[in-house]
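Chains, contacts and geometry: an overview
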Amino acid sequence: MKTFHCNHCGQVVFFESVNCVNCGRLLAYLPDRQSMGALEPGDGGAWLYRSEHGSQSSYRLCVNYSRHNVCNWAVPAGENGEACLSCRLTQPTPELSEETHRQAWFRLETAKRRLVYTLQQLSLPLQSKAEQAERGLAFEFRAEAPSQSVLTGHAHGLITINIAEADDAIREHRRANLHEAYRTLLGHFRHESGHYYWDRLVSTSARLDAFRASFGDERQDYPASLQRHYEQGAAADWQARFISAYASSHPWEDWAETWAHYLHMVDVTETAVSCGLTLRPDHPGDPLLEPDPKLLRGRRRFEAVIDAWFAVTYVLNNLNRSLGQQDAYPFVLSAPAIDKLRFVHQVIQDHTSGA
Ligand SMILES: [Zn+2]
Ligand SMILES: [Zn+2]
Ligand SMILES: [Zn+2]
């Protein structure tokens, strides 16, 4: 994620901020500028953004910002609809009108906006189902009830998230039970988006054979594969071939886990580079990192992305250990796992460049 500043006073602000702590201006993320903006009230409910060159643009606050306080994005005045680019992807469900789910909804939307930010940065297709019923993307947040079990998952562009995952205690309990290194809301969003983009970018593309060569044949029985995974666990040697234990359950899950991992890499590296993080160790051979903005734009070499990633995770883990914490990044990437990350990288780059 980029670093953002209040365009009124220059104060550093966060992606989630709603007010500048220095000048008090209302803040919103402006998806058309891919930037945070300080807004001033205009006429008729409009909010005005003044650029550094003095030009003025008009926005509305997303309905989930002004009415429900679960969003901090704005909608450019020229766009239709009450909801922002991120919120229009969420389908209304009865649960979201219940006050008891308000905090869960807030957490879910907060994580989802980070996903949408990265998808937008990578120029991936982001049409909602309202715009493209067949090929569009949608999210729904559902709560379990005696008559309704809810599985987090993806089907035909609809990503369902069990609202209970927004409860830290429940999610941590499941993470420990399933022996997962990570289980976060953002991780769920990234993983499930991988299934959607597999359908869109791989399933009907010329890359399908290359996918099968690397990840395996996805036509093998999916429900049976998952059942086997949950009953018997991952193969003892999964670390030599897969990015996570769950990735070994089926080629689709391997892809989704790898995709999620790639989005982690892109976002964390962007944050490090945007903060100006530099590593110039005294000892030759130690990880080096030069903040190269080119790493984040245009056609990027995979080797540059992964080298920067290793340097960032090296410092991340060492800092965590100094705080007495577990490694922030408890993964060792095998050569086949790195090849799969390269494949995801190429799929995204090819899409972006129209190849
Ligand atoms: Zn400010
Ligand atoms: Zn919104
Ligand atoms: Zn999955």
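For the structure itself, consult the block above.
All values reported here derive from a predicted model rather than from experimental measurement. (Residues numbered from 1 in each chain as written. Chains lettered and ligands numbered in written order. Predicted model: local features only at pLDDT ≥ 70, side-chain atom pairs only at ≥ 80, totals over all residues. Heavy atoms only, no water.)

Quick look at the coordination of the zinc ion (ligand 2) now. Where a metal carries four tetrahedral donors, each ideal angle is 109.5 degrees; where it carries six octahedral donors, the ideal angles are 90 or 180 degrees. Cys62 (SG), Cys71 (SG), Cys84 (SG) and Cys87 (SG) make up the full set of protein donors to the zinc ion (ligand 2), lying at 2.3 Å. One way to put it: the four donor atoms around the zinc ion (ligand 2) meet at angles of 105 to 114°, and that makes the site tetrahedral. Along the chain, the residues donating to the zinc ion (ligand 2) are arranged with the sequence spacing C-x8-C-x12-C-x2-C. Linking Cys71 in the loop between helix H1 (63-66) and strand S7 (74-76) with Cys84 in the loop between S7 and helix H2 (102-121), this pair joins segments that are 13 residues apart in sequence. Look at Cys84 and you get buried, because its relative accessible area is 1%. (Donors = N, O, S within 2.8 Å, 3.2 Å for Na, K, Ca; no water. Tetrahedral: all angles 85-135°; square planar, octahedral: opposite > 155°, others 65-115°. Helix = DSSP H or I, 4+ residues; strand = E, 2+ residues; numbered from the N terminus. Buried < 20%, exposed > 50% of the residue type's maximum accessible area, 1.4 Å probe, protein only.)

With that settled, the discussion passes to unusual backbone geometry. The phi dihedral of Ser123 is positive, around 55°, even though this residue is not glycine. With respect to the element layout, Ser123 can be found in the loop between H2 and strand S8 (138-142). Backbone geometry places His156, a non-glycine residue, at a positive phi of 50°.

Per the counting criterion, the structure on display carries 26 salt bridges. Close ionic contact of Arg142 with Glu95 constitutes a salt bridge, the shortest N to O distance being 3.1 Å. Within this pair, whereas Arg142 is found in strand S8, its partner Glu95 is found in the loop between S7 and H2, the two being separated by 47 residues in sequence. In terms of burial, Arg142 and Glu95 fall into one category: buried. The salt bridge involving Asp168 is made with Arg171; its shortest N-O contact spans 3.0 Å. Of this pair, Asp168 and Arg171 both sit in helix H3 (residues 168-177), three residues apart, which is roughly one turn of the helix. (Salt bridge = Lys/Arg side-chain N within 4 Å of Asp/Glu carboxyl O.)

Either a parallel or an antiparallel arrangement is found when strands of a sheet pair, and the pairing is made through backbone hydrogen bonds. Across the sheet, three strands lie side by side as S8-S10-S9; this open sheet has mixed pairing. The open sheet is flanked by S8 and strand S9 (153-155), the only strands paired with a single partner. On average, adjacent strands in this sheet sit at an angle of 25° to one another, irrespective of strand direction. The sheet contact formed by S9 and strand S10 (residues 158-162) spans three bridges and is antiparallel. The residue bridging Ala155 from the neighbouring strand is Leu158, located in S10. (Pairing = 2+ DSSP bridges. Axes fitted to C-alpha atoms, helices over the stretch in contact; angles between N-to-C directions.)

What follows is about the layout of surface pockets. Put simply, the largest pocket is a space of about 1,500 Å³. Lining the largest pocket we find 48 residues, and of these Glu180, His191, Tyr230, Tyr246 and Glu257 sit closest to its centre. At the level of elements, S9, H3, helix H4 (185-201), helix H6 (222-232) and helix H7 (251-274) are the ones that each hand at least two residues to the lining of the largest pocket. Its residues assigned to classes, the lining of the largest pocket comprises 21 nonpolar, 18 polar and nine charged. (1 Å grid on protein atoms, 1.4 Å probe; cavity = no way out; pocket = protein on both sides within 12 Å on 5 of 7 lines; lining within 4 Å. Points joined across faces, edges and corners; volume = space filled by probe spheres on them. Nonpolar A, V, L, I, M, F, W, Y, C, P; charged D, E, K, R; others polar.)

Before going further, it helps to examine the nonpolar core. If you look at the biggest cluster of nonpolar residues, it comprises 85 residues, and the most contacted ones within it are Leu39, Phe141, Tyr197, Trp255 and Trp259. Ignoring sequence-local partners within four residues, the contact set of Tyr197 consists of Leu119, Leu124, Pro125, Leu126, Leu137, Val202 and Trp259. Judged by nonpolar contacts, the second largest core, of seven residues, contains Ala272, Leu289, Ala308 and Val315. (Core = buried A, V, L, I, M, F, W, Y, C linked by side-chain atoms within 4.5 Å. Contact = heavy atoms within 4.5 Å.)

The next point concerns the packing of aromatic side chains. In the structure shown here, the tally under the stated rule is 25 aromatic pairs. Ring geometry for Trp255 versus Phe343: centroids 6.2 Å apart, planes at 80°, classification edge-to-face. A residue pair is termed long-range when its members are at least 10 positions apart, and Trp255 in helix H7 and Phe343 in helix H9 (residues 335-352) qualify at 88 residues. Residue Trp255 shares its accessibility class with Phe343, and that shared class is buried. Ring-pair connections join several aromatic residues into one group, and the members of that group are Tyr196, Tyr197, Trp198, Phe211, Phe215, Tyr222, Trp252, Trp255, Trp259 and Phe343. Positioned above the aromatic ring of Phe139 is the side chain of Lys112, whose terminal nitrogen or guanidinium carbon lies 5.6 Å from the ring centre. Here the basic side chain of Lys340 rests over the ring of Phe215, its NZ or CZ set 5.7 Å away from the ring centre. (Phe/Tyr/Trp six-rings, centres within 6.5 Å; stacked < 30°, edge-to-face > 60°. Lys NZ or Arg CZ within 6 Å of the ring centre and 35° of its normal.)

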